[in-house]
Amino acid sequence: MLPKRLKAARKKAHLTQEKLGVMAGIDESTARSRVSQYESGTYRPPFEMMCAIAKVLNVPECYFYTIDDEFAESILALYEAKQMG
């Protein structure tokens, strides 16, 4: 999981770390710190947690795992086009 993509997607969705964590099913008392640790790369979330986060942020799970930035943006554009059509 690429931490910078998580932070960028969260900011694009206009969510705080705490709000994202709570919406993804993390206990409110630890939501902000856990998302912060994921975004900083201190801890790697389990795939199941990334699936929940991706759902909240309305992005495909693979967006967080694709290494090439240009390819990741292409994936995101394809996903968004699919959502519209």
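Before any of the text, the structure's been laid out above.
Residues numbered from 1 in each chain as written. Predicted model: local features only at pLDDT ≥ 70, side-chain atom pairs only at ≥ 80, totals over all residues. Heavy atoms only, no water.

1. Quick look at the packing of aromatic side chains
Turning to step 1, where the next piece is worked out: Under the definition given, this model contains two aromatic pairs.
Turning to step 2, where the next piece is worked out: When the ring of Tyr63 is compared with that of Phe64, the centres are 5.6 Å apart and the planes differ by 70 degrees; the resulting orientation is edge-to-face.
Turning to step 3, where the next piece is worked out: Across from the ring centre of Tyr63, 5.4 Å away, lies the NZ or CZ of Arg5, which sits over that ring. (Phe/Tyr/Trp six-rings, centres within 6.5 Å; stacked < 30°, edge-to-face > 60°. Lys NZ or Arg CZ within 6 Å of the ring centre and 35° of its normal.)

2. Some details on the nonpolar core
Turning to step 1, where the next piece is worked out: Judged by nonpolar contacts, the single largest core of 20 residues is most densely connected at Leu6, Ile53, Leu57 and Phe64.
Turning to step 2, where the next piece is worked out: Put simply, the parts of the chain that give this core at least two residues each are α1 (3–12), α3 (31–40), α4 (47–57) and α5 (69–84).
Turning to step 3, where the next piece is worked out: Not counting chain neighbours up to four residues away, the residues in contact with Leu6 comprise Met1, Leu20, Tyr38, Glu39, Ile53, Leu57 and Phe64. (Core = buried A, V, L, I, M, F, W, Y, C linked by side-chain atoms within 4.5 Å. Buried < 20%, exposed > 50% of the residue type's maximum accessible area, 1.4 Å probe, protein only. Helix = DSSP H or I, 4+ residues; strand = E, 2+ residues; numbered from the N terminus. Contact = heavy atoms within 4.5 Å.)

3. A short note on the packing of α1 against α3
Turning to step 1, where the next piece is worked out: Viewed as axis vectors pointing N to C, α1 and α3 meet at an angle of 130 degrees, and their least axial separation amounts to 6 Å. As summarised for this structure, α1 and α3 are arranged oblique, according to the angle between their axes. Contact with α1, carried on its side by Pro3, Leu6, Lys7 and Arg10, involves Val35, Tyr38, Glu39 and Ser40 of α3 and no other residues of that element.
Turning to step 2, where the next piece is worked out: Of the residues in the contact of α1 with α3, the class split is four nonpolar, one polar and three charged. (Axes fitted to C-alpha atoms, helices over the stretch in contact; angles between N-to-C directions. Parallel < 35°, antiparallel > 145°, perpendicular 65-115°, else oblique. Nonpolar A, V, L, I, M, F, W, Y, C, P; charged D, E, K, R; others polar.)

4. Some remarks on the packing of α1 against α5
The relative placement of two packed helices is expressed as an angle between their axes plus a distance between the axes.
Turning to step 1, where the next piece is worked out: One can describe the packing of α1 onto α5 by two numbers: an axis separation of 13 Å at closest approach and a directional angle of 35 degrees. Once α1 is placed against α5, the crossing between them reads as right-handed. On the side of α1, the interface is formed by Lys4, Arg5 and Lys12, while α5 contributes Asp69, Ala72, Leu76 and Glu80.
Turning to step 2, where the next piece is worked out: Residue composition of the contact of α1 with α5, by class: two nonpolar, no polar and five charged. (Left-handed = near helix turned anticlockwise from the far one by under 90°.)

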